[in-house]
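# Inside the fold
Here's the letter readout for the chains.
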Amino acid sequence: MKKPYPPIYYSEYLHLEKLLTSQSPKSDEYNQHAHDEMLFIIVHQAYELWFKQILHELDSVLEMFQENVIDERNIGIAVSRLRRITTIQKVLVDQLNILETMTPLDFLEFRDFLIPASGFQSYQFRLIENKLGLNPESRVKLDNKNYYSLVSDEHQKMLIDSQNTISVIEAVDKWLSRIPFLKMDDFDFWSYYKEAVSKLIENEKQIILNNPSLTDEKREKQLKEFENTKQKFDSLLDEEKHNALIKQGLKRFSYKSTLAALFINLYRDEPVLHLPFRFLTYLVDIDELFTTWRYKHALMVHRMIGAKVGTGGSSGHHYLMETAEKHKVFRDLFDLSTYLIPRSSLPELPSGLKLKLGFNYFS
Ligand code: HEM
């Protein structure tokens with residue numbers, strides 16, 4: 001039987017001609033051949049290809065989460081796409097090792113030819129940050145300039161557009177705020193939770209007060225820390241306090257979404273909550289893996305250029321360490337662990353609610 005599609009050649013399908021003639025070392029152009037420049041170009045190109053794949057996955061997740069009612073079957077698909085992103089990110093972290101086979105001296109052979117180009121201008125990297133939802137206000141500024149001031153007009157437009165389009169953190173916030181189970185019929189989960197937390201907190205205070213091995217000074221210090229934890233719990237269970245934290249830029253999820261995310265984390269063993277739990281966990285993984293990449297890149301830069309400034313004009317290593325500290329997106333999800341209490345102290349859910357959270361088949 002004749003195949004309905006014409007045959008295709010491997011190289012044509014992958015546009016290898018284009019791909020494999022896209023490496024043009026500057027050192028050759030200037031007749032000062034530097035062997036390692038090829039590695040430098042190929043490693044960066046490989047990164048950009050993986051950034052493209054990450055954007056492809058993020059766009060599809062964003063599309064699913066923009067609907068007012070999310071088709072529940074899509075949660076499983078979104079989870080598998082986020083998992084794919086984290087798997088790529090692990091390769092991205094490891095890939096820096098390949099570049100580190102180039103010594104700082106080898107890098108010096110061609111570094112000056114690159115000025116003022118820098119990874120700082122990677123618009124795909126910025127698109128990933130924006131699509132995940134990095135807050136423009138909390139970006140570390142380079143010479144008081146906007147992060148997009150060093151890219152072409154075309155890329156600037158793309159970045160500004162992406163900044164003004166709904167991001168993953170915003171879409172997830174909306175989705176979480178719609179999740180039911182927080183107050184059902186006559187069962188107000190949060191008043192039970194508050195009671196369980198109060199008991200736990202009181203217990204902790206008693207442990208500090210009655211610990212014979214503590215000096216007065218240490219006891220006072222621990223009581224202070226205990227007060228901080230107590231205040232965090234108070235803000236979780238107080239909408240006004242939570243909204244004040246949003247105003248100060250310390251929280252991004254709404255009060256309702258924060259409670260929903262916490263509920264999902266606390267009762268993740270309930271079948272219906274398991275996929276949402278994995279979804280939220282992958283978002284934390286993505287943040288953690290980008291932070292890992294940022295630290296590893298900053299360390300590599302330190303070892304490659306020492307205390308010199310970057311080709312893009314930043315303070316180099318110092319600027320990059322600061323972005324690693326400050327460019328997390330899903331801080332709210334990281335912070336949730338503050339509010340977790342042991343399974344044994346969790347309020348028992350009423351049987352009607354438990355039934356709704358399970359997989360049931362009634363013939
Ligand atoms: C010898 C290797 C490298 C050196 C010395 C280096 C150096 C730097 C420096 C100094 C900066 C800060 C901006 C500047 O002043 O230029 C920077 C930013 C950046 N680099 Fe690299 N880099 C290297 C490899 C890579 C690779 C392989 C990638 C992969 C795409 C990359 C991606 C980035 C990105 C995305 C930024 C912006 C980070 C941010 O603003 O948070 N770099 N790089």
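A brief structural summary. Per chain, residues are indexed from 1 in the order of the written sequence. Reporting of local features is limited, given that this is a predicted model, to residues whose pLDDT is at least 70; pairs of side-chain atoms are given and counted only at 80 or more, and all residues count toward the totals for whole chains, interfaces and linings. Based on all heavy atoms of the structure, the side-chain values leave hydrogens and waters out of the count.

### Overview of the overall build of the protein chain
Applied cut-off: Only DSSP runs of H or I with at least four residues qualify as helices, and only runs of E with at least two residues qualify as strands; both kinds are numbered from the N terminus onward. For every residue, the accessible area (1.4 Å probe, protein chains only) is compared with the maximum for its type, and the residue is labelled buried under 20%, exposed over 50%, or partly exposed between those bounds. Two residues form a contact once any of their heavy atoms are found within 4.5 Å. Positive charges come from Lys and Arg, negative ones from Asp and Glu, while His and the chain ends are left out of the count. Just so you know, the charge point we use is NZ for Lys, CZ for Arg, CG for Asp and CD for Glu.
Assigned secondary structure in the protein chain consists of 17 helices and 2 strands. With the C-alpha coordinates aligned to their principal axes, the bounding extent of the protein chain is approximately 75 × 75 × 35 Å. By residue count, 42% of the 363 residues in the protein chain fall in the buried class. If you take every contact in the protein chain between residues at least 6 apart in sequence, the share linking residues at least 24 apart comes to 76%. Across the protein chain, the mean location of the 46 positive side-chain charges is 2 Å away from that of the 51 negative side-chain charges.

### Topic: empty space enclosed by the protein
Let me state the cut-off plainly: A 1.4 Å probe that fits but cannot get out identifies a cavity on a 1 Å grid over protein atoms alone, an open set with protein on both sides within 12 Å along at least five of seven lines counts as a pocket, and a residue lines either if it has an atom within 4 Å of a point. Grid points are joined across faces, edges and corners, and a volume is the space filled by probe spheres set on the points. For this classification, Asp, Glu, Lys and Arg are treated as charged, while Ala, Val, Leu, Ile, Met, Phe, Trp, Tyr, Cys and Pro are nonpolar and the rest, including Gly, are polar.
Enumeration over the complete set of coordinates arrives at 1 cavity of 30 Å³ or more. Reported here for the largest cavity is a volume of approximately 80 Å³. Lining the largest cavity are Phe-125, Ile-128, Glu-129, Leu-132, Leu-134, Asp-287, Phe-290, Arg-294, His-327 and Val-329. Within the residue set of the lining of the largest cavity, elements represented by two or more residues are α7 (123-132) and α14 (271-305). The greatest single-element share of the lining of the largest cavity, amounting to 4 residues, is contributed by α7. Split by residue class, the lining of the largest cavity holds 6 nonpolar, 1 polar and 3 charged.

### Side note on the pattern of salt bridges
Operational definition: Basic side-chain nitrogens of Lys or Arg form a salt bridge, by our definition, when they fall within 4 Å of a carboxyl oxygen of Asp or Glu.
Scanning the entire structure with this criterion turns up 14 salt bridges. Taking the shortest distance from any N to any O, the salt bridge between Asp-161 and Lys-157 comes out at 2.9 Å. Of this pair, Asp-161 and Lys-157 are both found in helix α8 (residues 153-163), 4 residues apart, which corresponds to roughly one turn of the helix. By relative accessible area, Lys-157 is classed as exposed at 53%. Asp-335 is the salt-bridge partner of Lys-251, the closest N and O atoms lying 3.3 Å from each other.

### What to know about the coordination of the iron atom of the ligand
The following threshold applies: Atoms of type N, O and S within 2.8 Å of a metal are treated as its donors, and for Na, K and Ca the window is 3.2 Å; water is not considered, so some sites may appear to be missing partners.
Protein coordination of the iron atom of the ligand is limited to a single donor, His-297 (NE2), which sits 2.2 Å from the metal. In this structure, His-297 sits in helix α14.

### Here we look at helix α9 (residues 168-178)
Here α9 has its buried residues at Val-168, Ile-169, Ala-171, Val-172, Asp-173, Trp-175 and Leu-176. The elements touched by buried residues of α9 are α4 (37-65), α5 (73-99), α7, α13 (255-266) and α14.

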